[in-house]
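Descriptive analysis of the structure
Each chain, letter by letter, is given below.
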Amino acid sequence: MSVMTRYTPLGASRSPQPENAHYFLMNCLLYSRMECGFPSNNEYFDEDVNVYLVGLLASLIDPNRHGRRLERLAVDDASLAAMAASAPTARERYELYRANADHVLVSLGVFGNARGRRPDSVKHMHLSDAAYVGRGKAYYALAQSYAASLARRSSAVSDCLGKLSHGFERYIAVLSTLRGEYLNFHERISEGALYHLERSAEMTERRGEIAFHYDRFLDAYSHYLRSGTAGARERLAAISAEIRAIDPSFSFDIGEREPLTSP
């Protein structure tokens, strides 16, 4: 097994030992399936898809395997069709369609970015996520057809690819859950969203601060009405000034308010 398919769990012990990445990924995948409402074998037997997905995810951290897959990727349907037409064997056409289907699945499910572009990049061609879902389903279906023709019958590989094509949306949902809950891949908050989030937090804090000062004001005003002392009047005026500093709409004229008793 490649060293790249092993990981070192942090925080488990003072001297953690490398563990099998496939075991870690399978454990996370099975939990993700239950959490998003698509447990294994719920609609049909698909434990083979679990094994396929874990192998696919593990291959992403192996530069040799991932690099070979990148060589087969096409930018659009026309380019992929041209690559398939020029491929000398059915096996190479099968590998082309499977690699591109895998790429769409991982891009949508794990990275949430089917176009593989930065959010601020120039968009030469914009397709919706639904269009990419259609691509992924079609690519897996074509890969299934070529896999069956290579084996001259339906095989375990072609059956698995057919399930990926049929349940493409559900496996995207599973990988999306795994992305956030176990891989801790989260979408970056835009500057606009961050501004509004900060403003919301400031307003919440400000409302709490204003409520605190209003409570002080009511206590001071009640005390001034009962006592009418110069000290109570000064304290009431000071609190009123503090409230106006944080809430300009606040208005109170202490001269119009008379105490209930004489000083």
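Our structure is the block above this text.
Bear in mind the structure is a predicted one, so any value in this text is a computation, not a measurement. Here the residue numbers are simple positions, counted from 1 along each chain's written sequence. Whole-chain, interface and lining totals are the exception, using all residues; otherwise, since this is a predicted model, local features are given only for residues with pLDDT of at least 70 and side-chain atom pairs are given and counted only at 80 or more. In computing side-chain values, all of the structure's heavy atoms are included and hydrogens and water are not.

This part covers the overall build of the protein. When helices and strands are tallied, the protein shows 10 helices and 2 strands. Burial classification: accessible surface area is computed with a 1.4 Å probe over protein chains only, and a residue below 20% of its type maximum counts as buried, one above 50% as exposed, and the rest as partly exposed. A buried classification covers 33% of the 263 residues belonging to the protein. Only heavy atoms enter the contact rule, under which two residues are in contact if any of them lie within 4.5 Å. Across the protein, the fraction of contacts at a sequence separation of at least 24, relative to all contacts at a separation of at least 6, is 64%. Computed by Shrake-Rupley with a 1.4 Å probe, the accessible areas treat only the displayed protein chains as cover when residues are assessed. Total accessible area computed for the protein in this model is approximately 16100 Å², and 55% of it derives from carbon and sulfur atoms. Going along the chain from the N terminus, every DSSP run of H or I of four or more residues is numbered as a helix, and every run of E of two or more is numbered as a strand.

For an α-helix the count is 3.6 residues per turn, leaving residues at separations of three or four pointing the same way. Multiplying 1.5 Å by the helix residue count minus one yields the expected span of that helix. In this model helix H5 (residues 90-109) runs 28 Å from its N-terminal to its C-terminal C-alpha over 20 residues, within 8% of the 28 Å that 1.5 Å per residue would give. Here H5 lies mainly inside the structure; 15 of its 20 residues are buried.

Inter-axis angles, ranging from 0 to 180 degrees, are taken between N-to-C directions of lines fitted to C-alpha atoms, where helices are fitted over the stretch in contact. Two numbers describe how helix H4 (residues 77-86) lies on H5: the axes approach to 9 Å, and their chain directions differ by 155°. In terms of orientation, H4 lies roughly antiparallel with respect to H5. Here Leu80, Ala81, Met83 and Ala84 of H4 lie close against H5, whose contacting residues are Arg93, Leu96, Tyr97 and Asn100. Lys, Arg, Asp and Glu make up the charged group, whereas Ala, Val, Leu, Ile, Met, Phe, Trp, Tyr, Cys and Pro make up the nonpolar group; the residues left over, Gly among them, are polar. Broken down by class, the residue content of the contact of H4 with H5 amounts to 6 nonpolar, 1 polar and 1 charged. Any angle that is under 35 degrees is reported as roughly parallel, and any over 145 degrees as roughly antiparallel; angles of 65 to 115 degrees are reported as roughly perpendicular and all others as oblique.

In this structure, alanine 138 sits in helix H6 (residues 129-151). Residues alanine 138 and tyrosine 97, 41 residues apart in the sequence, show an inter-C-alpha distance of 8.9 Å.

Time to look at the packing of aromatic side chains. Side-chain rings of Phe, Tyr and Trp, where Trp is taken by its six-membered ring, are said to pair if the distance between their centres is within 6.5 Å; with planes under 30 degrees apart they count as stacked, over 60 as edge-to-face, and otherwise as tilted. Applying the stated criterion to the full structure yields 4 aromatic pairs. Between tyrosine 140 and phenylalanine 168, the aromatic rings sit 6.0 Å apart at their centres with planes inclined by 55°, giving tilted as the arrangement. One end of the pair, tyrosine 140, is in helix H6; the other, phenylalanine 168, is in helix H8 (residues 168-181), with 28 residues separating them in the sequence. With relative accessibility at 1%, the residue phenylalanine 168 sits in the buried group. On the numbers, 6.0 Å between centres and 10° between planes, the contact of phenylalanine 217 with tyrosine 221 is stacked. Separated by 4 residues within a single helix, phenylalanine 217 and tyrosine 221 lie in helix H9 (residues 191-227), roughly one turn from each other. Aromatic rings pair up to connect Tyr97, Tyr139 and Tyr146 into one cluster.

For our purposes a nonpolar core is just a set of buried Ala, Val, Leu, Ile, Met, Phe, Trp, Tyr and Cys residues, chained together by side-chain atoms within 4.5 Å. Among the nonpolar cores identified, the biggest contains 39 residues, and Leu105, Leu108, Tyr140, Leu161, Leu164 and Phe168 are the most heavily contacted of them. Listing elements by their share of this core, those giving two or more residues are helix H1 (21-35), helix H2 (47-59), H4, H5, H6, helix H7 (156-166) and H8. Beyond its immediate sequence surroundings of up to four residues, leucine 108 is in contact with Asn113, Ala114, Asp129, Tyr132, Val133, Phe168, Ile172, Ser176 and Arg179. Ranked by size, the runner-up nonpolar core spans 10 residues in total, among them Ala220, Ile239, Phe250 and Phe252.

This part takes up unusual backbone geometry. Its identity as a non-glycine residue notwithstanding, asparagine 41 has a phi of 60°, on the positive side. For asparagine 41, the location among the structural elements is in the loop between H1 and H2. For arginine 152, which is not glycine, the phi torsion reads 65° and is therefore positive. Note on placement: arginine 152 falls in the loop between H6 and H7. By relative accessible area, which is 77% here, arginine 152 ends up exposed.

Before going further, it helps to examine the packing of H1 against H2. For any two helices packed against each other, one specifies the inter-axial angle together with the distance between the axes. At their nearest, the axes of H1 and H2 sit 9 Å apart, and the two run at 125° to each other. Judged by the angle between their axes, H1 and H2 are oblique. Both H1 and H2 take part in a crossing whose hand is right-handed. In this structure, H1 uses His22, Leu25, Met26, Leu29, Leu30 and Arg33 to contact H2, whose residues at the interface are Asn50, Val51, Leu53, Val54, Gly55, Leu57 and Ala58. In terms of residue class, the contact of H1 with H2 is made up of 9 nonpolar, 3 polar and 1 charged. Note on convention: the crossing is left-handed when the near helix lies turned anticlockwise from the far helix by less than a right angle, right-handed when the turn is clockwise.

This paragraph deals with the pattern of salt bridges. Here, a salt bridge means any side-chain nitrogen of Lys or Arg that lies within 4 Å of a carboxyl oxygen of Asp or Glu. One pass over the structure, following the stated rule, counts 7 salt bridges. When the shortest N-O distance is used, the salt bridge between lysine 163 and aspartate 48 registers 3.0 Å. You can see lysine 163 sitting in helix H7 and its partner aspartate 48 sitting in helix H2, a full 115 residues away along the chain.

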